[in-house]
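The residues making up each chain are set out below.
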Amino acid sequence: MRKLTYFIACSIDGFIGGPDGDASFMVPFVDEEFFGFLTAEYPETVPTQGRRALGVDDLPNKRFDTIVQGRASYDLALKEGITSPYAHLREYVASRTLTRSPDPNVEIISTDLVGRVRELKAEDSGLDIYLCGGAAVAGELIDEVDELVIKTYPVVLGTGMPMFGSGFAVSEFVPQSVRSFGNGVVVRTYDRKR
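These remarks concern the structure in this document. (Residues numbered from 1 in each chain as written. Predicted model: local features only at pLDDT ≥ 70, side-chain atom pairs only at ≥ 80, totals over all residues. Heavy atoms only, no water.)

**A few points about the overall build of the protein**
Then step 1. In terms of regular secondary structure, the protein is built from five helices and 10 strands.
Then step 2. By the compact-globule yardstick of 16 Å for 194 residues, the protein fits well, its C-alpha radius of gyration being 16 Å.
Then step 3. Overall, the protein is about 40 × 40 × 35 Å in size when its C-alpha atoms are taken along their principal axes.
Then step 4. Within the protein, the fraction of its 194 residues that count as buried is 47%.
Then step 5. For the protein, contacts bridging at least 24 residues in sequence account for 69% of all contacts bridging at least 6.
Then step 6. When the accessible surface of the protein is summed, it comes to about 9700 Å², and 53% of that surface belongs to carbon and sulfur atoms.
Then step 7. In the protein, which carries 20 positive and 28 negative side-chain charges, the distance between the mean positions of the two groups comes to 3 Å. (Helix = DSSP H or I, 4+ residues; strand = E, 2+ residues; numbered from the N terminus. Rg over C-alpha atoms; globule rule 2.2 N^0.38 Å. Buried < 20%, exposed > 50% of the residue type's maximum accessible area, 1.4 Å probe, protein only. Contact = heavy atoms within 4.5 Å. Areas by Shrake-Rupley, 256 points an atom, 1.4 Å probe, with all protein chains shown as cover. Lys, Arg positive; Asp, Glu negative; His and termini not counted. Charge placed at Lys NZ, Arg CZ, Asp CG, Glu CD.)

See the structure below:
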């Protein structure tokens, strides 16, 4: 069974973006040391356009071969004219409003997101599934998340978009590793307590 990994960036107080979803304040923290970590450990999480621009497009997928993201996350790429932001992965976008995909590499999941993700998890593959966000999709899939990789940036927002847009429920995870960087970023990894 493949794992669904929620690989997400957030503020110290747990927000993945401002009230409007803007997370551009995190970009300055992707310095040489942290970018080196990302490309060494999670190269497939760098969008295709970024990989090409930074000269790392030839890096093989190390952990994931599939991505699931919400419509708002996908819209960030669409606004830039990019219809397949993770062309090096199988792409799925959860959306109840996007009726057809603008790209043959992107499959729209408009109904039964949990069921479709369970099908993806049951596939025979040596690589896992990257849950990119956003909050509503993560909230809907919280019971399917097997691993959390949380990149915490050294900022406090006070309010904004939470990591999980869902109602109150306690879900336990077990810490696996913590790594800190000179720029103040801390990456914590957790496995779901089963």
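**A look at unusual backbone geometry**
Then step 1. The linkage connecting glycine 133 with the following residue, glycine 134, adopts the cis geometry, with an omega of 5°.
Then step 2. Within the secondary structure, glycine 134 sits in the loop between strand S6 (128-133) and helix H5 (135-140).
Then step 3. Residues other than glycine seldom take positive phi values, yet aspartate 112 does so here, at roughly 50°.
Then step 4. With respect to the secondary-structure elements, aspartate 112 resides in the loop between strand S5 (106-109) and helix H4 (113-122).

**Observations regarding the packing of aromatic side chains**
Then step 1. According to the stated counting rule, one finds 12 aromatic pairs in the structure shown.
Then step 2. With a centroid separation of 5.5 Å and an interplanar angle of 25°, the aromatic rings of phenylalanine 64 and tyrosine 130 are classed as stacked. With a gap of 66 residues between them, phenylalanine 64 in strand S3 (residues 64-70) and tyrosine 130 in strand S6 connect regions that are remote in the sequence.
Then step 3. Note that arginine 63 overlies the ring of tyrosine 42, its terminal NZ or CZ placed 4.3 Å from the centroid. (Phe/Tyr/Trp six-rings, centres within 6.5 Å; stacked < 30°, edge-to-face > 60°. Lys NZ or Arg CZ within 6 Å of the ring centre and 35° of its normal.)

**Description of H4**
Working note: α-helix, 3.6 residues per turn, so residues spaced by three or four point in the same direction.
Then step 1. Leu113, Gly115, Arg116, Val117, Leu120 and Lys121 are the residues of H4 that are buried.
Then step 2. Looking at the buried side of H4, the elements it contacts are strand S1 (4-10), S3, strand S4 (90-94), S5, S6 and H5.

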